[in-house]
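Chain residues, written in single-letter form:
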Amino acid sequence: MAAGPVLCPDEALAYRRSRTVFVPGDGLVLDEAYRLAHLPLVAPGHPDAIPSREGRYYKYGRHPRVVSLVLPVPPGSLAAAPAFVALERELRAAPFADTIAWDVAARRAERRHATLCGSLAIGPDAAPSLSAGQRAALAALGPITVELRGLFSGNVNLGRLYLRVYPECRGGADMLAAIQRIMGRPPTGLYLVGLHALTDHLGPVEAAHLAGMIERWWDRPILRLTVEALWLLWAHDDQVLDGGVLETVPLVGGAA
């Protein structure tokens, strides 16, 4: 039987160097980026929510229309994955479960994604124009295998919990980085699916429990997908509570 596609290892990606550093005995403090872009959406009455800041385009968590190229995560496939069900069950039993915005996760379930190229267009009528060459190059890639793993908390936007995307390594190349290069963007090695948002800071016991969960789930596969198309996704907030799919961009149908 033929072996399945090879996935990029941690050493080729940016997850380990981009993860939250948990200090024993300390809590998890929501950072400024999160308190500006996310906390006003998930806990608008929180005293640490930042309504706006000079030089930033967020106002109560909302911003002008932005369109990005993203990797979609089929909600039905994720919800049916036994590992995802187990992860959600563990989160609901965690000592910080009351600080998870479960209602927000439910509202955005149909639009879960990993951003590959953010802010391709900004403005009221934002609609990025992909060149014919870019579309042809994307379509020539063919289906791309990815695997979701979790749980993850990064070193920016402290308060968001994610799943990590491990892309197919084809001929030694990260295939999601290949998409970024086609779009004229530098490769990031960081492809995150927003899963949950916290409504408050975590105390030391809660933070220690989260750190332990991240360690236990680091190498556990959640879901393997074959991606045949990307989305151009528009949104007025970083949770994509107000947003939708502008266009589906195929990764199939081009010349090999």
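A brief report on the enclosed structure follows. Everything numeric in this text was worked out from a predicted model, so none of it was measured.

Parameters at a glance
- Residues numbered from 1 in each chain as written.
- Predicted model: local features only at pLDDT ≥ 70, side-chain atom pairs only at ≥ 80, totals over all residues.
- Heavy atoms only, no water.
- Salt bridge = Lys/Arg side-chain N within 4 Å of Asp/Glu carboxyl O.
- Helix = DSSP H or I, 4+ residues; strand = E, 2+ residues; numbered from the N terminus.
- Buried < 20%, exposed > 50% of the residue type's maximum accessible area, 1.4 Å probe, protein only.
- Pairing = 2+ DSSP bridges.
- Axes fitted to C-alpha atoms, helices over the stretch in contact; angles between N-to-C directions.
- Parallel < 35°, antiparallel > 145°, perpendicular 65-115°, else oblique.
- Left-handed = near helix turned anticlockwise from the far one by under 90°.
- Contact = heavy atoms within 4.5 Å.
- Nonpolar A, V, L, I, M, F, W, Y, C, P; charged D, E, K, R; others polar.
- Phe/Tyr/Trp six-rings, centres within 6.5 Å; stacked < 30°, edge-to-face > 60°.
- Lys NZ or Arg CZ within 6 Å of the ring centre and 35° of its normal.

In the structure shown here, the tally under the stated rule is 9 salt bridges. Measuring nitrogen to oxygen at the nearest pair gives 2.4 Å for the salt bridge that ties arginine 216 to glutamate 90. With arginine 216 in helix α8 (residues 204-217) and glutamate 90 in helix α4 (residues 82-93), this residue pair connects regions lying 126 residues apart in the sequence. The partly exposed category is assigned to glutamate 90, whose relative accessible area is 23%. Across the salt bridge formed by arginine 224 and glutamate 147, the nearest N and O atoms sit 3.1 Å from each other. In this pair, arginine 224 is assigned in strand β8 (residues 221-227) and glutamate 147 in strand β3 (residues 144-152), connecting sequence segments 77 residues apart. The class for glutamate 147 is buried, based on a relative accessible area of 7%. Because the salt bridges share partners, they merge into one network encompassing Glu147, Arg149 and Arg224.

Okay, the pairing of strand β4 (residues 160-167) next. Along β4, 8 of the 8 residues are buried, which leaves the element largely enclosed by surrounding structure. Here β4 shows two buried faces, one formed by Arg160, Tyr162, Arg164 and Tyr166 and the other by Leu161, Leu163, Val165 and Pro167. By the bridge criterion, 6 bridges tie β3 to β4 in an arrangement that is antiparallel. Counted as the bridge partner of glutamate 147 is tyrosine 166 from β4. Where β4 and strand β7 (residues 192-197) come together, 5 bridges link them in antiparallel fashion. Bridge pairing links arginine 164 to leucine 192 in β7.

Take the packing of α4 against α8 next. Any two packed helices are characterised by the angle at which their axes cross and by the distance between the axes. Between α4 and α8, the least distance of the axes is 12 Å, while the angle of their chain directions is 165 degrees. Taken together, the axes of α4 and α8 are roughly antiparallel relative to one another. The way α4 lies across α8 gives a crossing that is right-handed. Side by side, α4 and α8 meet where Ala83, Ala86, Leu87, Glu90 and Leu91 of the first sit next to Met213, Arg216 and Trp217 of the second. Broken down by class, the residue content of the contact of α4 with α8 amounts to 6 nonpolar, no polar and 2 charged.

Here we take up the packing of aromatic side chains. Scanning the entire structure with this criterion turns up 5 aromatic pairs. Ring centres of tyrosine 15 and phenylalanine 152 lie 5.9 Å apart, and the angle between their planes is 70 degrees; on these two criteria the pair is classed as edge-to-face. With tyrosine 15 in the segment before α1 (32-37) and phenylalanine 152 in strand β3, this residue pair connects regions lying 137 residues apart in the sequence. Accessibility classification places tyrosine 15 together with phenylalanine 152 in one group, the buried group. Both rings, one in phenylalanine 152 and one in tryptophan 218, keep their centres 6.1 Å apart while their planes meet at 55 degrees; by these two values the pair is tilted. Of this pair, phenylalanine 152 sits in strand β3 while tryptophan 218 sits in the loop between α8 and β8, and the two are 66 residues apart along the sequence. A single burial state applies to phenylalanine 152 and to tryptophan 218, both of which are buried. Here the aromatic residues Tyr15, Phe152, Tyr162, Tyr166 and Trp218 are joined through ring pairs into a cluster of three or more. Arginine 149 extends its terminal NZ or CZ atom over the ring of tyrosine 166, reaching a point 3.9 Å from the ring centre. Over the ring of tryptophan 217 we find arginine 220; its NZ or CZ atom is 3.8 Å from the centre of that ring.

Remember that the coordinates give geometry; whether it matters functionally is a separate question.
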